[in-house]
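Results of the structural survey
Chain residues, written in single-letter form:
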Amino acid sequence: MKKEIRTGGKEILEGPGDPGGQGDPGCGAQGDPGAGGGPWGQQGDPGCKYLGGASKEILAEVERNLQDAMQVCRNVLLDPFLLPGGGAIEMAVSKRLMERSRALTGIEQWPYRAVATALEVVPRTLIQNCGASTIRVLTSLRAKHTQENSVNWGVDGETGCLADMMELGIWEPLAVKAQTYKTAMETAILLLRIDDIVSGHKKKDKDEQMGGQGAE
């Protein structure tokens, strides 16, 4: 089974192919110049991609993976800034927030501590997925980030050990990471607001019940 799509996302052909030359003149019938022509012809559209799979489900998964890869390239081109992956940036931000919380007193320090603790979920999840010791590796990662020039150190997703993400070549787009943090903070604020409203209604209903019993 073969599906033919353009880079812009427009689907051109779905089926076993069109070697007879009845497909789209810009892609299916003219061939792919990147592949040197072939049964599709000698001229082609450089924005055309051919996807193959044993079933529709596999083909759909391959198409989703291709679209995700193209979106990553698009994000990097529009905002050419990268951050180290493997939970390294989360641990670095968590460390800074913890340091900031120690400079505050009273309840003002607890939001910083809460966000710092929440960010450690990312490296902790990576460690758990690798089957490594969560407490031991996470403690080692915290200690590593207290040293100088260790902001790139994170968790190797294959071994579960600490590694320099720059040496492994594991990076994440800044645009995606910033949007993730923004969405997480907005969700937390929304939940806190809902909790305040529910608590207020419960207290109001309780006061009304107490007032009704006193009147009786």
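Residues numbered from 1 in each chain as written. Predicted model: local features only at pLDDT ≥ 70, side-chain atom pairs only at ≥ 80, totals over all residues. Heavy atoms only, no water.

By the naming in an unreviewed UniProt entry, the chain is CCT-gamma, taken from Perca fluviatilis.

1. Here's the deal with the layout of surface pockets
What counts is decided by this rule: Using a grid of 1 Å spacing that covers the protein atoms alone, one calls a set of points a cavity when a 1.4 Å probe fits there but cannot get out, and a pocket when the set is open and has protein on both sides within 12 Å along at least five of seven lines; lining residues are those with an atom within 4 Å of a point. Grid points are joined across faces, edges and corners, and a volume is the space filled by probe spheres set on the points. Each helix corresponds to a stretch of at least 4 residues labelled H or I by DSSP, and each strand to a stretch of at least 2 residues labelled E; elements are numbered beginning at the N terminus. All amino acids are sorted into three groups, where Ala, Val, Leu, Ile, Met, Phe, Trp, Tyr, Cys and Pro are nonpolar, Asp, Glu, Lys and Arg are charged, and the leftover types, Gly among them, are polar.
Looking at the largest pocket, its volume works out to about 470 Å³. What lines the largest pocket is a set of 16 residues, among which Val115, Ala118, Leu119, Ala184 and Met185 lie closest to the centre. At the level of elements, helix H2 (88-102), helix H3 (109-119) and helix H7 (174-215) are the ones that each hand at least two residues to the lining of the largest pocket. Here the residues of the lining of the largest pocket are counted per class, giving 14 nonpolar, one polar and one charged.

2. Concerning the pattern of salt bridges
Stated precisely, the cut-off is as follows: Each salt bridge in this description consists of a side-chain nitrogen of Lys or Arg and a carboxyl oxygen of Asp or Glu lying within 4 Å of one another. To sort residues, take the accessible area from a 1.4 Å probe on protein chains only and compare it with the maximum for the residue type: under 20% means buried, over 50% means exposed, and anything in between is partly exposed.
Summed over the entire model, instances satisfying the criterion amount to six salt bridges. Taking the shortest distance from any N to any O, the salt bridge between arginine 124 and glutamate 120 comes out at 3.9 Å. Judged by relative accessible area, which is 24%, arginine 124 ranks as partly exposed. Glutamate 172 is the salt-bridge partner of lysine 177, the closest N and O atoms lying 2.9 Å from each other. Here the salt bridges share partners, and the residues they tie into one network are Glu90, Glu172 and Lys177.

3. Concerning unusual backbone geometry
Look at asparagine 149: it is not a glycine, yet its phi comes out positive at around 55°. Topologically, asparagine 149 is positioned in the loop between helix H5 (134-145) and strand S5 (153-155). Judged by relative accessible area, asparagine 149 falls into the exposed class, the value being 78%.

4. Remarks on the confidence of the model for the chain
Condition: A residue's pLDDT is the predictor's confidence in that residue, given on a scale from 0 to 100. By definition, residues are in contact when any of their heavy atoms lie within 4.5 Å.
Chain-level statistics for the chain give a pLDDT mean of 76 and a share of 67% at 70 or above. Averaged over each element, pLDDT in the chain is lowest for strand S2 (residues 11-15) (44) and highest for S5 (93). Predicted confidence is poor over residues 7-26, with pLDDT under 50, and the contacts of this stretch with residues over four places away or in other chains come to 33 contacts. Ignoring residues within four places in sequence, the model shows residues 28-43, a span with pLDDT below 50, making 36 contacts including any to other chains.

5. Focus on the state of the cysteines
Going by this rule: By disulfide we mean two sulfur atoms from cysteines, separated by a distance within 2.5 Å.
For the structure shown, the criterion picks out zero disulfides. With no disulfide partner, cysteine 130 has as its closest neighbouring cysteine sulfur the one in cysteine 161, 8.5 Å distant.

6. So, the nonpolar core
The tendency in soluble globular proteins is for nonpolar side chains to be buried as a group. Rules: Among the buried residues, those of types Ala, Val, Leu, Ile, Met, Phe, Trp, Tyr and Cys that are joined through side-chain atoms within 4.5 Å form a nonpolar core.
In this structure, Met91, Ile127, Val137, Leu138, Leu141 and Val155 together form the largest nonpolar core, which totals six residues. Top element by residues in this core is H5. It accounts for three residues. Apart from residues lying up to four places away in sequence, valine 155 is in contact with Gly86, Pro123, Leu126, Ile127, Leu141, Gly160, Cys161 and Met165.

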